[in-house]
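Examination of the molecular architecture
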Amino acid sequence: MEATPRINISSYVENTVSMGNISGMPALAEMTISKNSYVDASGNPYNGVVKASVNIFDPRNLSSISAAPGTFEFTDAEGDTQDLQTFGVVVIDLEDEYENKLNVVGNVTITLDATLVESTYSGNVTDAKLWGLNKVTGQWEEVGSMVVETSKRRKRQTDGRTYIVGQVSISAFEAINLDCYSGFSRCYFKTSVTDTNNDPVNGYTVRVIHMTNPGEKYNSTSEYVTAVKDISSSSGYDMFTFCRYDAWGYVKAYRIDEEYEPGRSGLSGLSSKERSRLNYETTTSPISFKSKFVSSYDGPWYTSWFAAASSSATQFRFFQSRSINTIQKYTLIDTDPYEGITRPNEIGPKLWYPCKKPAKFSNFKICMIKIAVHGQTSGLSFSVKSKAGPKSGIEDTILGIRTVAVENGGACIEYKCSGNFPLYKNGSSPYDLGVESDYTKIVITPVGRFCTVSWEGDIKSESLNSGSSNIGSVSHEWFIPNTEDHGVYFQETELYDKEKFEQLRKENLDMCKEGVKEPSSTASPSMNKDNPAVKFSCI
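Described below are features of the structure shown in this document. (Residues numbered from 1 in each chain as written. Predicted model: local features only at pLDDT ≥ 70, side-chain atom pairs only at ≥ 80, totals over all residues. Heavy atoms only, no water.)

**Side note on the overall build of the protein**
Applicable threshold: Helix numbering and strand numbering both begin at the N terminus, where a helix is a DSSP run of H or I of at least 4 residues and a strand a DSSP run of E of at least 2. Burial here depends on accessible area, computed with a 1.4 Å probe over protein chains only, as a share of the maximum for the residue type. Under 20% is buried, over 50% is exposed, and the range in between is partly exposed. Should any heavy atoms of two residues lie within 4.5 Å, those residues are considered in contact.
Check the secondary structure of the protein and you find five helices and 38 strands. When each of the 539 residues of the protein is scored for burial, the buried share is 51%. For the protein, contacts bridging at least 24 residues in sequence account for 69% of all contacts bridging at least 6.

Following this line, the structure appears as structure tokens:
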């Protein structure tokens, strides 16, 4: 999600910032910061202009809340994982006039519209609490209660609404969640995914999106997301979420960039009676099925794990919607640079190291790309996803993902180089190798902090975004050409023996860290921000 533009506020006065304005609907919440409560990174008092970016992951917008950090889960006193119901997630970033980080000492006050809570949750509104994100576990920890507050705000109330209010230290957490938990009933379910050959697909993710509707209280029929739950699964495995009498939502299945089509009518895995009882229907936005989340002993939302595990009759079905063109279908060689040629790999391509002479497998190439970061880097890492290019015959197939933590404001990450790769044509012998040149795509994604693209350098010309700027994007795809003119760094082996290969990989990493095209004599140089391919701005 794109960060909100910074606003200028004064440290000398109390500031109240509105959060989550959607056309036709009131603000989701407000944050009030006391006067004279700002400090710099060393803890010294700061007085002057404060540049504030207050970002709300608004549950009235599906794409917004789906991008919220962490899961909507916490661990209870018994050590069990439980689900939360959100009313919004807040991330705030403060800087002085020179873009230096500022913090707030003491607590801020968060005020939530009680009408919103009442319209999405049938319990007591004071069950809403404030939760801080534990960036290590990705789960939320309770950090403050909320109470009904009316008298303090009467002078602002012209519509009869009431509010619930809580206080929390924002400096201690990456994000604050306005959320509630009141012992939701857990229910269990199964999914299955089959490919174009009707074989089961394993290792995919199931996303459950819980919904409600603010309805007439907001004079709107907008849908409202109360929770987003991602579950790693395989076909036929038991999973759980929460169900209740008025719960409904969407369920989708995907693996990395591939979304699976839910089954329609008789292909849904459900009987016509079950489809009718759940109001089952398929949707295109998001690609999913829509259903009531009402549990029963005989499923498909089961009241117990045992009932789900014992049943083989009812499960929600998904299907792989696309297949590789059979004329272009190659079986790529799964290569290990230390071992040379191995047998064909029917599961998927893992060819990371293009070479000049595919028949002999010499001259492997190793590639790094450099990223520079402006802003906050604590807990930040980047992942680079390498995807097959347009000449590979398996375009957009994920070939691998590498992740590395940021150090000294930069990161160097290995990716799959563009260049020649060997292949088997169908029916050929292991040594009768064809050759093709793959034009690799990569996706760079920040992990652990909220970041946007602030500068693209030379790789902007290789953007897959129809030539327009990616500035402000959280992540985007680029083609990576077979040249070092775009902030990328190459080394090529002469032999693929292990010792030489590791030596050249280290040399390439050192070149990338220094931002130079030739390795220097410096042993293990420190990371710097020189000559990157792309820059991100992070809060």
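**As for the sheet that holds strand 10 (residues 108-113)**
This is how the line gets drawn: Here, strands pair whenever DSSP counts at least two bridges between them. In this analysis, axes come from line fits to C-alpha atoms, helices being fitted only over the stretch in contact, and the angle between any two N-to-C directions falls in the range 0 to 180 degrees.
Taking strand neighbours across the sheet as the criterion, the five strands line up as 2-3-10-14-13 in an open arrangement whose pairing is antiparallel. The sheet is open, and its two edges are formed by strand 2 (15-19) and strand 13 (147-149), each paired on a single side. Going from strand to strand, the sheet's axes swing by 30 degrees on average, the running direction of each strand aside. In terms of strand pairing, strand 10 meets strand 14 (residues 163-168) through six bridges, oriented antiparallel. Looking at the pairing, Ile 110 lines up with Gly 166 of strand 14.

**Focus on the state of the cysteines**
Basically, it comes down to this: We call a pair of cysteine sulfur atoms a disulfide when they lie within 2.5 Å.
Taken as a whole, this structure holds four disulfides when the rule is applied. Two residues share a disulfide in this structure: Cys 367 and Cys 417, whose sulfurs sit 1.8 Å from each other. Between Cys 367 and Cys 417 the sulfur-sulfur dihedral comes to about 125 degrees; the bridge is accordingly right-handed. With a gap of 50 residues between them, Cys 367 in strand 28 (residues 362-375) and Cys 417 in the loop between strand 31 (410-415) and strand 32 (419-424) connect regions that are remote in the sequence. Each of the two residues, Cys 367 as well as Cys 417, counts as buried. Listing the disulfide partners of the protein by sequence rank of the bonded cysteines yields 1-2, 3-5, 4-7, 6-8.

**Points about the nonpolar core**
Here is the rule we go by: In these notes, a set of buried Ala, Val, Leu, Ile, Met, Phe, Trp, Tyr and Cys residues joined through side-chain atoms within 4.5 Å is what counts as a nonpolar core.
Residues Met 31, Tyr 38, Leu 94, Val 108, Ile 110, Ile 170 and Leu 178 are the most contacted members of the largest nonpolar core, which totals 33 residues. In contact with Ile 170, not counting residues within four places along its chain, are Met 31, Ile 92, Val 104, Val 108 and Ile 176. In terms of nonpolar packing, the next biggest core, distinct from the first, is built from 25 residues, Ile 371, Val 384, Ala 411 and Val 488 among them.

**Here's the deal with the packing of aromatic side chains**
Basically, it comes down to this: Within 6.5 Å between ring centres, the rings of Phe, Tyr and Trp (the latter by its six-membered ring) count as paired, and their orientation is classed by plane angle as stacked under 30 degrees, edge-to-face over 60, tilted in between. We count a charge as sitting over a ring when the NZ of a lysine or the CZ of an arginine lies within 6 Å of the ring centre and within 35 degrees of the ring normal.
Under the criterion given, the structure shown has 13 aromatic pairs. Both rings, one in Phe 289 and one in Phe 316, keep their centres 4.5 Å apart while their planes meet at 25 degrees; by these two values the pair is stacked. Here Phe 316 lies in strand 25 (residues 316-319) and Phe 289 lies in strand 24 (residues 287-292), a separation of 27 residues in the sequence. Each member of the pair, Phe 289 as well as Phe 316, is classed as buried. Ring centres 4.7 Å apart and planes at 15 degrees place the aromatic pair Tyr 439 and Phe 479 in the stacked group. Here Tyr 439, found in the loop between strand 33 (434-438) and strand 34 (441-447), pairs with Phe 479, found in strand 36 (residues 476-479); they are 40 residues apart in sequence, far enough to count as distant. Its relative accessible area of 28% is what places Tyr 439 among the partly exposed residues. The ring of Trp 455 has Lys 535 lying over it, and the distance from NZ or CZ to the ring centre is 4.7 Å.

**Considering unusual backbone geometry**
Each neighbour pair has its own omega, and for Gly 299 with Pro 300 the value is 5 degrees, a cis peptide bond. Checked against the element boundaries, Pro 300 lands in the loop between strand 24 and helix 4 (305-310). Positive phi is not limited to glycine here, since Asn 279 has a value of about 55 degrees. In this fold, Asn 279 is placed in the loop between helix 3 (272-278) and strand 23 (281-284).

**Some thoughts on the sheet that holds strand 22 (residues 261-262)**
One open sheet accounts for four strands, arranged 19-16-25-22; its pairing is mixed. Here the strands that pair on one side only, and so sit at the sheet edges, are strand 19 (238-243) and strand 22. Alignment of strand 16 (residues 185-194) against strand 19, held across six bridges, turns out to be antiparallel. Bridge pairing in strand 19 places Ser 185 opposite Cys 243.

**Regarding the pattern of salt bridges**
A side chain of one charge can pair with a side chain of the opposite charge when the charged atoms of the two come close. Note the following rule: Salt bridges are identified by distance alone: a Lys or Arg side-chain nitrogen within 4 Å of an Asp or Glu carboxyl oxygen.
Applying the stated criterion across every chain yields a total of 13 salt bridges. Between Glu 142 and Lys 129 there is a salt bridge; the shortest N-O distance is 3.9 Å. A residue pair is termed long-range when its members are at least 10 positions apart, and Glu 142 in strand 12 (residues 140-145) and Lys 129 in strand 11 (residues 128-133) qualify at 13 residues. When its relative accessible area of 46% is taken as the criterion, Glu 142 is described as partly exposed. The partner of Glu 502 in a salt bridge is Arg 505, and the shortest N-O contact between them spans 3.2 Å. Of this pair, Glu 502 and Arg 505 both sit in helix 5 (residues 498-514), separated by three residues, roughly a single helical turn. Because the salt bridges share partners, they merge into one network encompassing Arg 6, Asp 93, Glu 95 and Lys 101.

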